[in-house]
Amino acid sequence: MKKALLVIDMQNDFIDGALGSAAAEATVPVIRKKIESYIREGYPVVATRDIHPEGYLTDVEGQRVPRHCIRGEKGAEITSAFSDFAFTLVVDKNNFMASPDEQQAIRDAVVSALGSEPDEVEVAGLCTDICVVSNALMARMLFPDSRITVDRSATAGTTPEATEASFTVMRSCLIDIM
């Protein structure tokens with residue numbers, strides 16, 4: 001079986017910074033083990049980062065979500081718990097989901113690393129009800145014939161209710177919640 005792991009926005013601001021939580025902190029060791037396993041088995045691991053310019057507070061997200069993940073600031077960095085990993089690709093995105101060009105780069109990196117489409121794509125990271133659901137749906141679109149999975153223990157949302165609602169949406173779009 002050919003697999004790939006998408007690690008979504010495991011950045012300081014989402015873990016223990018501006019938008020952090022104890023639930024988000026609890027995902028770090030779980031996701032670290034997943035990354036180790038995928039790399040050990042020779043499978044691609046793609047990471048995304050939510051990156052904003054200083055002046056983004058005037059756009060739609062900036063007006064609705066507290067200031068976070070500003071390019072060049074510590075909060076925008078991927079957690080140091082993952083600093084010893086060489087990701088197949090790191091994609092900086094300025095929104096919940098990768099842009100069309102970034103999506104193509106993700107698809108190309110995964111297919112190139114595997115030599116073909118993956119049989120399974122696992123999505124892990126933060127926040128379940130915003131970036132994870134968006135990028136899981138993106139994975140469903142990029143890899144329509146692949147099994148897409150999300151492990152509950154490898155993600156945390158803004159609230160328990162929002163997290164459960166996002167799992168419902170993902171299930172309805174043929175994403176398996178483990």
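What comes next is a walk through the structure. (Residues numbered from 1 in each chain as written. Predicted model: local features only at pLDDT ≥ 70, side-chain atom pairs only at ≥ 80, totals over all residues. Heavy atoms only, no water.)

## Some remarks on the sheet that holds strand 5 (residues 147-156)
Then comes step 1: Taken together, the 6 strands give an open sheet; going across it, the order is 3-2-1-4-5-6, and neighbouring strands pair in parallel fashion. The two strands at the open ends of the sheet, each matched to only one other strand, are strand 3 (89-93) and strand 6 (175-177). Strand-to-strand twist of the sheet, defined as the mean angle between neighbouring strand axes without regard to direction, takes the value 25 degrees.
Then comes step 2: By the bridge criterion, 6 bridges tie strand 4 (residues 120-126) to strand 5 in an arrangement that is parallel. (Pairing = 2+ DSSP bridges. Helix = DSSP H or I, 4+ residues; strand = E, 2+ residues; numbered from the N terminus. Axes fitted to C-alpha atoms, helices over the stretch in contact; angles between N-to-C directions.)

## Side note on helix 2 (residues 22-40)
Because an α-helix completes one turn every 3.6 residues, residues spaced three or four positions apart along the sequence face the same direction.
Then comes step 1: The first and last C-alpha atoms of helix 2 sit 28 Å apart over 19 residues, in line with the 27 Å expected at 1.5 Å per residue.
Then comes step 2: Helix geometry: helix 2 is bent most strongly at Pro29, by close to 25 degrees.
Then comes step 3: Buried within helix 2 are the following residues: Ala24, Thr27, Val28, Ile31, Lys34, Ile35, Ser37 and Tyr38.
Then comes step 4: For helix 2, the elements touching its buried residues are strand 1 (3-8), helix 1 (12-15), strand 2 (45-50), strand 4 and strand 5.
Then comes step 5: Positioned one or two residues after helix 2, Gly42 has a phi angle of 85 degrees, which is positive. (Expected span 1.5 Å × (residues − 1). Bend = angle between axes of the 7 residues up to and from the residue. Buried < 20%, exposed > 50% of the residue type's maximum accessible area, 1.4 Å probe, protein only. Contact = heavy atoms within 4.5 Å.)

## As for the environment of Ser166
Then comes step 1: You can see Ser166 is positioned in helix 6 (residues 160-172).
Then comes step 2: Residues Ser166 and Thr88 lie 78 residues apart in sequence; the distance between their C-alpha atoms is 27 Å.
Then comes step 3: There is a polar contact of 2.6 Å between the side chain of Ser166 and the backbone oxygen of Thr163. (Polar contact = N/O pair within 3.5 Å; in protein donor to acceptor, adjacent residues only side chain to side chain.)

## Considering the environment of Arg107
Then comes step 1: Here Arg107 shows up in helix 4 (residues 100-114).
Then comes step 2: Once the C-alpha coordinates of Arg107 and Met10 are considered, the two residues, 97 residues apart in sequence, prove to be 20 Å apart.
Then comes step 3: Setting aside residues up to four positions removed in sequence, Arg107 forms contacts with Glu117, Leu142 and Phe143.

## Observations concerning the side chain of Asp9
Then comes step 1: Summarising the element assignment, Asp9 is placed in the loop between strand 1 and helix 1.
Then comes step 2: Accessibility expressed as a relative area gives 0% for Asp9, which makes it buried.
Then comes step 3: Here the side chain of Asp9 touches Lys93 through a polar contact of 2.8 Å, side chain to side chain.
Then comes step 4: When neighbours within four sequence positions are excluded, Asp9 is seen to be in contact with Phe14, Thr48, Arg49, Asp50, Lys93, Leu126 and Cys131.

## Structural notes on the pairing of strand 5
Then comes step 1: Burial within strand 5 is extensive, with 7 of its 10 residues counted as buried.
Then comes step 2: At this point the chain moves from strand 4, through helix 5 (residues 128-142), to the parallel strand 5, and the crossover so formed is right-handed.
Then comes step 3: Judged from the 3 bridges that link them, strand 5 and strand 6 form a sheet pairing that is parallel. Within strand 6, the position partnered with Thr149 by the bridge is Asp176.
Then comes step 4: As for the winding sense of the linkage, the β-α-β connection from strand 5 through helix 6 to strand 6 is right-handed. (Right-handed = clockwise from strand over helix to strand, strands pointing away.)

All we've got here are geometric facts, nothing functional implied.
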